[in-house]
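# Observations on the three-dimensional arrangement
So the chains spell out like this:
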Amino acid sequence: MAEWNAYYQNEDEEGEQEEGEQSGGDYKITGRDSLVFLVDASKEMFIKGEDGEPSNFDMTMQVVRTVYTSKIISSDRDLVALVFYGTEQSKNPRNSFKHVYVYHDLNEPGAKRVQEVDALRGEKGAKLAAETIGSGETSLGDALWCCANLYSDIKLRLSHKRLMIFTCRDEPHGGDSVKDRQARTKASDLKETGVVIDLMHLMKPGGFNISLFFCDIVSPPEDESEMGLQLQPSDKLEDLQKRVRAKELKKRTLARLNLCLGEGINVAVGIYATAVAARKPGSIKLYRETNEPVRSKTRTFHTQTGSLLLPSEIKKAQYYGGKEIVMERDEVDAIKKFDDPGLFLIGFKPMEKLKLLHHIRPAVFLYPEEDEVKGSSCLFSALLKKCSERNVFALCRFISRRNYPPRFVALLPQNEELGEGKVQITPPGFNVIYLPFADDLRTLDPPQFPSASQTQVDKMKEIVSKLRFKYRSEGFENPVIQQHFRNLEALALDMMAPEEIEDLIMPKVDQIDQRLGPLVQEFKDLVYPAYYNPESKPPAKRKTADTGGGAEKKPKVELTEDELKAHVQNGTLAKLTVPVLKDACKQFGVRTTGTKKQELIDALIARLGS
């Protein structure tokens with residue numbers, strides 16, 4: 001019975017499995033992610049900035065709203081909570097803690113929650129917050145204790161637990177040693193249960209001194225790639241959003257492998273996907289009468305008896321040379337397996353040997369896993385430093401998963417870059433570039449055109465120099481996906497109309513014309529003949545009387561018997577077109593059972609190969 005249940009699975013489950021295989025990762029998600037926003041509700045948080053800038057509370061609510069909406073789109077099964085501390089009113093399970101207000105308990109994000117967070121934004125939101133929660137005494141220890149109870153009440157399995165503290169006060173208890181000690185104790189208890197505590201400190205007059213209190217509260221960096229404890233507080237919304245995004249985004253490995261540098265020298269590394277194509281989510285089929293989701297199942301039947309088939313009763317076959325080659329599942333698995341998963345160093349090559357045409361699929365990122373093999377980070381850093389200094393890349397043999405074919409890859413060194421506020425822009429590691437095999441390379445025969453003169457080339461160089469700009473891929477959003485989710489958001493939040501989006505990939509014609517000025521017309525005068533308008537449609541071709549008004553037919557390609565036998569011996573019949581194969585069958589009186597290309601090839605091989 002277990003074999004039946006394992007085989008007759010839902011199509012939805014099969015789709016999820018195929019998606020995981022395509023991504024090349026064997027990391028299986030074993031639970032849900034959870035995130036708790038612990039926000040300071042003191043009066044200092046509601047003070048507006050200079051020149052009409054939003055208050056720290058308003059910035060925090062905008063960030064919370066952004067995370068809510070992104071969770072709805074990307075991972076709606078994750079759990080999110082919003083808790084205020086230092087409030088006048090109290091609202092928490094069993095009302096055990098004073099001055100702690102649980103605005104949203106740990107649950108999946110929804111449209112109603114987004115609307116409730118929207119209500120706390122702006123001047124009206126500040127008034128509503130003052131009426132609803134107010135500002136009172138502060139006890140961060142009670143707030144952390146309340147968050148611990150929120151986690152303990154969840155019966156679901158959580159794969160990752162994170163708590164973010166938003167505040168502009170570096171001494172929330174005003175020097176009260178008892179409350180400070182209580183908060184440190186509860187923070188230690190939370191960290192022992194696997195909760196990661198992050199501090200998103202905000203700007204205040206006189207600066208924010210982390211060492212006074214919060215250095216003992218927050219969790220240490222999970223690894224060297226994380227930006228850790230920031231010394232400079234956030235004074236702008238963009239800066240705060242970047243910090244929250246850097247902490248909130250999942251950093252899951254596609255695979256954990258060994259990088260073999262030689263006999264007995266292994267470095268544990270993790271494979272990360274830095275860029276994944278964003279796609280619109282698929283539609284869900286609903287039963288028209290109840291709007292409940294429907295699930296489809298697949299069954300395999302015998303064509304003659306109509307009985308259900310078990311996996312053990314199904315074999316796989318492929319035609320080769322007119323014969324049906326039947327293989328068992330074990331034989332198929334044995335053919336697929338080349339070696340155990342891992343990276344094997346072959347050698348090093350100068351960077352100029354790597355060409356643009358070698359990039360045949362999106363690259364992945366390589367980073368050491370110190371927990372798997374001790375000393376991996378040290379050896380990995382030494383290898384990265386030497387490759388970067390000598391301007392070389394490492395050539396490796398790469399098998400990402402079991403039963404996956406080997407690939408040649410180039411490990412391209414990438415050094416760490418830090419931006420404003422010491423925020424990490426690019427982490428240190430290797431970019432894994434997939435290299436093509438000899439079978440993948442093609443020889444092109446481009447058509448010959450007249451070469452441009454030096455004057456024309458110089459004029460085009462002027463045009464190119466005028467149109468240059470600093471390109472950043474993260475600065476261009478997909479307008480189709482953005483419009484899709486804006487429409488869904490408007491329907492879910494009962495908005496009058498969806499937010500307008502700006503198509504950033506639409507050329508700015510007016511700005512281009514202003515930059516170029518007369519250069520375009522000058523280039524046209526150099527390239528096109530006089531009185532020629534390149535924007536006009538070309539005249540229609542006249543039909544000649546010799547061809548009877550139709551297109552000229554291509555002459556038939558006839559092959560001799562020796563030429564066909566040569567194709568059969570060399571195994572190159574597949575290069576011939578279907579019409580040529582049909583004519584060859586008629587020419588030599590070969591009877592075929594069908595008109596497909598493989599059937600024609602099999603018939604010719606059976607006749608001429610004997």
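Everything discussed here concerns the structure shown above.
Residues numbered from 1 in each chain as written. Predicted model: local features only at pLDDT ≥ 70, side-chain atom pairs only at ≥ 80, totals over all residues. Heavy atoms only, no water.

## Some details on the pattern of salt bridges
- Applying the stated criterion to the full structure yields 16 salt bridges.
- Between R256 and E369 there is a salt bridge, and its shortest N-O distance comes to 3.6 Å. Within this pair, whereas R256 is found in strand β6 (residues 255–262), its partner E369 is found in the loop between β11 (364–368) and α10 (376–390), the two being separated by 113 residues in sequence.
- With relative accessibility at 11%, the residue E369 sits in the buried group.
- Through salt bridges that share partners, R65, D118 and R121 make up one connected network. (Salt bridge = Lys/Arg side-chain N within 4 Å of Asp/Glu carboxyl O. Helix = DSSP H or I, 4+ residues; strand = E, 2+ residues; numbered from the N terminus. Buried < 20%, exposed > 50% of the residue type's maximum accessible area, 1.4 Å probe, protein only.)

## Details of the environment of A317
- Mapping A317 onto the fold places it in strand β8 (residues 316–320).
- Sequence spacing of A317 and M327 is 10 residues, and the spatial spacing of their C-alpha atoms is 6.1 Å.
- Setting aside residues up to four positions removed in sequence, A317 forms contacts with E324, I325 and V326. (Contact = heavy atoms within 4.5 Å.)

## Focus on the packing of helix α6 (residues 140–152) against helix α7 (residues 177–192)
- For the pair α6 and α7, the least separation of the axes is 7 Å and the interaxial angle reads 20 degrees. Our classification of the angle between α6 and α7 gives roughly parallel. α7 is crossed by α6, and the crossing has left-handed handedness. Here L140, G141, D142, L144, W145 and A148 of α6 come into contact with α7, specifically with Q182, A183, K186, A187 and L190.
- Residues of the contact of α6 with α7, tallied by class, amount to seven nonpolar, two polar and two charged. (Axes fitted to C-alpha atoms, helices over the stretch in contact; angles between N-to-C directions. Parallel < 35°, antiparallel > 145°, perpendicular 65-115°, else oblique. Left-handed = near helix turned anticlockwise from the far one by under 90°. Nonpolar A, V, L, I, M, F, W, Y, C, P; charged D, E, K, R; others polar.)

## Notes on the packing of aromatic side chains
- Inspection of the entire model under this criterion finds 12 aromatic pairs.
- With a centroid separation of 5.6 Å and 50 degrees between ring planes, the pair formed by F97 and W145 is classed as tilted. Note that F97 is positioned in the loop between β2 (79–85) and β3 (100–107) and W145 in helix α6, a separation of 48 residues in sequence.
- Aromatic ring contacts, followed pair by pair, group F46, F57, F84, Y101 and Y103 into a single cluster.
- Seen from the ring of Y151, K161 lies directly overhead, with NZ or CZ sitting 5.8 Å from the centre.
- R361 extends its terminal NZ or CZ atom over the ring of Y434, reaching a point 4.0 Å from the ring centre. (Phe/Tyr/Trp six-rings, centres within 6.5 Å; stacked < 30°, edge-to-face > 60°. Lys NZ or Arg CZ within 6 Å of the ring centre and 35° of its normal.)

## A few points about the sheet that holds β2
- Pairing is mixed in the open sheet, where five strands are placed in the order β3-β2-β1-β4-β5. Of all the strands in the sheet, just β3 and β5 (195–201) have a single pairing partner and so form its edges. Across the sheet, the mean angle separating the axes of adjacent strands is 15 degrees when strand polarity is ignored.
- In the sheet, strand β1 (residues 32–40) pairs with strand β4 (residues 158–167) via eight bridges, with the strands oriented parallel. The residue of β4 that forms the bridge with F37 is M164.
- Taken strand by strand, helix α4 (residues 111–118) contacts β2 and β3, and its axis lies near 155 degrees from that of β3.
- Across the sheet, α7 is in contact with β4 and β5; its angle to β5 comes to roughly 130 degrees. (Pairing = 2+ DSSP bridges.)

## Section: the pairing of β2
- Taking burial as the measure, the seven residues of β2 include seven buried ones, the bulk of the element.
- A two-sided burial pattern is seen for β2, the buried positions comprising L79, A81, V83 and Y85 on one face and V80, L82 and F84 on the other.
- For β1 and β2, the ladder comprises seven bridges, and the chain directions are parallel. In the sheet register, F37 faces β2, and the bridge partner there is L82.
- Following the backbone out of β1, through helix α3 (residues 56–74) and into the adjacent parallel β2, one traces a crossover that is right-handed.
- Judged from the five bridges that link them, β2 and β3 form a sheet pairing that is antiparallel. In the strand pairing of β3, Y85 is matched with V100. (Right-handed = clockwise from strand over helix to strand, strands pointing away.)

## Quick notes on unusual backbone geometry
- Backbone geometry at N291 places phi at a positive 60 degrees, although glycine is not the residue there.
- Here N291 lies in the loop between β7 (265–272) and β8.
- Here N391, not a glycine, exhibits a phi torsion of approximately 55 degrees, which is positive.
- Along the polypeptide, N391 turns up in the loop between α10 and β12 (392–399).
- The partly exposed category is assigned to N391, whose relative accessible area is 42%.

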